[in-house]
Amino acid sequence: WWWDERVSARFRRNLQPTLTYWSVFFSFGLCIAFLGPTLLDLRCQTQSSLSQITWVFFSQQFCLLLGSCLGGVFKRTLAQSLLALFASSLAISLVFAIIPLCHNVVLLAVVMAVAGLAMGCIDTISNMQLVKIYQKDSAIFLQALHFFVGFGALLSPLIADPFLSDTNCILSNGTANASSNLPHIRKSLLPHQPGNLSRYELPMKGLVVTRVSYAFWIMALINLPVPIAVFFLLYKERMVPCFNGSSHPLLSADELALETRPGDKDELSATSQRPHTAAGHEDLFSCCQSKNFRGASFTYFAVHITGALVLFMTDGIVGEYSGFVYSYAVEEPLSVVHKVAGYLPSLFWGFITLGRLISIPVSYRMKPATMVFINVVGVLTTFLLLLIFSSSVVFLFVGTASLGLFLSSTFPSMLAYTEDILQYKGCATTVLVTGAGIGEMVLQLLVGSIIHDRGSYSFLVCGMIFGCLAFTFYALLVFFHRMYPKPSPELDEASPEKAAGPEDTGQYQR
């Protein structure tokens, strides 16, 4: 391995759970990116208008945010976490299989709401469990986790593409005229949020001709190994009721003996008798209870808030840029050809995925705080150059790739940095995941309304403002980090959480 032996040994001990959480995040990515390119075929399938079918976006995004908030409810023990992940990943496969059977737009919205809840649970629980396992070594594994969501997000449109209709999939008298608008409409729906589609009229009645069902069934089959992998982890951990007697713990006694000092064995055996809970990692509602505020310093709250605000801005930039860069490119003064402009969202997401892959080895050599600093400065610089060279089509493509690279590792780096500040005892993961989800929803809606009122140039101005705010909140986070009280070494060693925590032994905790 290109990392040190200690991290490599810890990874080997936790190989199965780590790979399982990565695969579950692949499900998340597979589910988040298919809706844009397939929405026109789903409109035909449900025989609904464009304005009606775009409500499916809202149902998925809103329930994703709700699922992120509620995800912590299921992670108080390992058994609850794995059962929630099993149900969520299985639900995603079922959603893919059921979508072709939804011939009513309301039913389709309900099914996508279920998918959103499952995705939200996956988002919160997978991040939290990796942080619990690896703690101070979690940055590299979080980068890999978020690579898999990018990989899934790239794969699902590629699966769907061969089955998308080349002409309007509702055949009627107006089909010929409507079909000329299809490329523009389809690109306006990539990748998450629809643009302004009210000016387009497509027939709602006629013969439905679409093959998109095959794409969803293929994705259901591709995703099916994920819940199977979670089930095997449940079986390995002896958490399947019918098979409790025959399996063994993930960490054998011999491996544990090699990794612990002789004096620790009695302490570890006593610790293993206690039920393990996710101390300091509660759901959003539990985090807001007054009992968690007792004795907490001002900087404790400030770290949570500023960290969430950084991700509110950066994830909001991801959402608004990917949602509106196509619309910006085809408008004046750039007036890019529709087909060429259609590559911009794909380029953006491609470089986000590439950046996450590059960040896996980089995060081992570089501190999370440094990576976040490079990210926010890079985003700010890229938007500044995009404003300066706003009339250059070539630089729009270069800037789109650059922005994808700088935004790619922001979320996992910020999560690792904030959890490290709080010594893994705060509510950082839940608060940050929720803040990022809210930012992606709110800033997309805000930028969409501003572009409609002020014109396409405001798209870059908004990005520049959000980048400045992200940098400002990051600077405040660093300031509060310096003020945050450091734990006393004597208290740290005497703490029961220190003895029981996974950081000392590397054991996969129940």
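Just so you know, these numbers come straight off a predicted model, no measurement behind them.

Draft legend 1. Focus on the overall build of the chain. A count of helical and extended segments in the chain gives 26 helices and two strands. A total of 510 residues make up the chain; the buried ones form 57% of that total. Counting only contacts in the chain whose residues sit at least 6 apart along the sequence, the fraction spanning at least 24 positions is 83%. With the model as given, the accessible surface of the chain reaches about 21,500 Å², and the carbon-plus-sulfur share is 67%.

Draft legend 2. Looking closely at empty space enclosed by the protein. Applying the stated criterion across every chain yields a total of three cavities of 30 Å³ or more. Taken as a whole, the largest cavity holds about 420 Å³ of empty space. Looking at the lining of the largest cavity residue by residue, the classes come out as 14 nonpolar, eight polar and four charged. A domain split of the lining of the largest cavity shows at least three residues from each of domain 1 (12-170 + 207-241) and domain 2 (296-486).

Draft legend 3. Broad picture of the packing of aromatic side chains. Under the counting rule described, the total for this entry stands at 28 aromatic pairs. Ring geometry for Phe58 against Phe62: centres 5.7 Å apart, planes inclined by 15°, an arrangement best described as stacked. Of this pair, Phe58 and Phe62 both sit in helix α5 (residues 55-70), separated by four residues, roughly a single helical turn. For the pair Tyr417 and Tyr474, a centre-to-centre distance of 6.5 Å together with 50° between the ring planes defines the contact as tilted. On the criterion of sequence distance, the pair formed by Tyr417 in helix α21 (residues 410-421) and Tyr474 in helix α23 (residues 458-483) is long-range, its members being 57 residues apart. For Tyr417, a relative accessible area of 5% corresponds to the buried category. Of the aromatic side chains, those joined through ring pairs into one cluster are Phe11, Trp22, Phe26, Tyr134, Phe141, Phe147, Phe148 and Phe151.

Draft legend 4. Inspection of the environment of Leu224 at higher detail. Tracing the sequence through the fold places Leu224 in the loop between α11 (212-223) and α12 (225-236). The partly exposed category is assigned to Leu224, whose relative accessible area is 36%. Once the C-alpha coordinates of Leu224 and Leu94 are considered, the two residues, 130 residues apart in sequence, prove to be 9.0 Å apart.

Draft legend 5. Region of the structure containing the packing of α5 against helix α7 (residues 105-134). As a packed pair, α5 and α7 sit with axes 6 Å apart at the nearest point and diverge in direction by 30°. Here α7 runs roughly parallel to α5, going by the angle between their axes. Seen along the crossing, α5 lies across α7 with a hand that is right-handed. Packed against α5, whose contacting residues are Val56, Ser59, Gln60, Cys63, Leu64, Leu66, Gly67 and Ser68, the element α7 presents Val105, Leu108, Ala109, Met112, Ala113, Gly116, Leu117, Met119, Gly120, Cys121, Asp123 and Thr124 at the interface.

Draft legend 6. Layout of the confidence of the model for the chain. For the chain, per-residue confidence averages 78 on the pLDDT scale, and residues scoring 70 or more make up 74% of the total. Per-residue pLDDT stays below 50 along residues 190-194; that stretch engages in 27 contacts with residues further than four places along the chain or on separate chains.

Draft legend 7. Focus on the environment of Phe57. Mapped onto the elements, Phe57 comes out in helix α5. Residue Phe57 is classed as buried on the basis of its relative accessible area of 1%. When the C-alpha positions of Phe57 and Leu39 are compared, they lie 9.3 Å apart, and in sequence the two are 18 residues distant.

Draft legend 8. Region of the structure containing the pattern of salt bridges. If you walk through the whole model with that rule in mind, you get four salt bridges. Across the pair Arg10 and Asp137 runs a salt bridge whose closest N-O atoms are separated by 3.0 Å. Of the two residues, Arg10 sits in helix α1 (residues 5-13) while Asp137 sits in the loop between α7 and α8 (138-160), which places them 127 residues apart along the sequence. For Arg10, a relative accessible area of 4% corresponds to the buried category. Asp420 is the partner of Lys136 in a salt bridge, and the nearest nitrogen-oxygen pair spans 2.9 Å.

Draft legend 9. Examining helix α22 (residues 428-454) more closely. Here α22 spans 37 Å end to end across 27 residues, near enough to the 39 Å set by a 1.5 Å rise per residue. Just beyond α22, the residue with positive phi is Gly455, at close to 100°.

Draft legend 10. Quick peek at the environment of Val24. Its place among the elements puts Val24 in helix α2 (residues 15-32). What makes Val24 buried here is its relative accessible area of 0%. Through-space distance from the C-alpha of Val24 to that of Leu145 is 9.1 Å; in sequence the pair is 121 residues apart. With sequence-adjacent residues up to four places away left out, Val24 is seen in contact with Leu85, Ile122, Ser126, Val226 and Val230.

Draft legend 11. Region of interest: the packing of α1 against α2. With their axes 5 Å apart at the nearest point, α1 and α2 run at an angle of 80° to one another. With respect to each other, α1 and α2 are oriented roughly perpendicular. Contacts between α1 and α2 pair Phe11, Arg12 and Arg13 from the former with Leu15, Thr18 and Trp22 from the latter. Among the residues forming the contact of α1 with α2, the class breakdown is three nonpolar, one polar and two charged.

Quick notes on the rules
- Residues numbered from 1 in each chain as written.
- Predicted model: local features only at pLDDT ≥ 70, side-chain atom pairs only at ≥ 80, totals over all residues.
- Heavy atoms only, no water.
- Helix = DSSP H or I, 4+ residues; strand = E, 2+ residues; numbered from the N terminus.
- Buried < 20%, exposed > 50% of the residue type's maximum accessible area, 1.4 Å probe, protein only.
- Contact = heavy atoms within 4.5 Å.
- Areas by Shrake-Rupley, 256 points an atom, 1.4 Å probe, with all protein chains shown as cover.
- 1 Å grid on protein atoms, 1.4 Å probe; cavity = no way out; pocket = protein on both sides within 12 Å on 5 of 7 lines; lining within 4 Å.
- Points joined across faces, edges and corners; volume = space filled by probe spheres on them.
- Nonpolar A, V, L, I, M, F, W, Y, C, P; charged D, E, K, R; others polar.
- Domains from an automatic or database assignment.
- Phe/Tyr/Trp six-rings, centres within 6.5 Å; stacked < 30°, edge-to-face > 60°.
- Axes fitted to C-alpha atoms, helices over the stretch in contact; angles between N-to-C directions.
- Parallel < 35°, antiparallel > 145°, perpendicular 65-115°, else oblique.
- Left-handed = near helix turned anticlockwise from the far one by under 90°.
- pLDDT = per-residue confidence, 0-100.
- Salt bridge = Lys/Arg side-chain N within 4 Å of Asp/Glu carboxyl O.
- Expected span 1.5 Å × (residues − 1).

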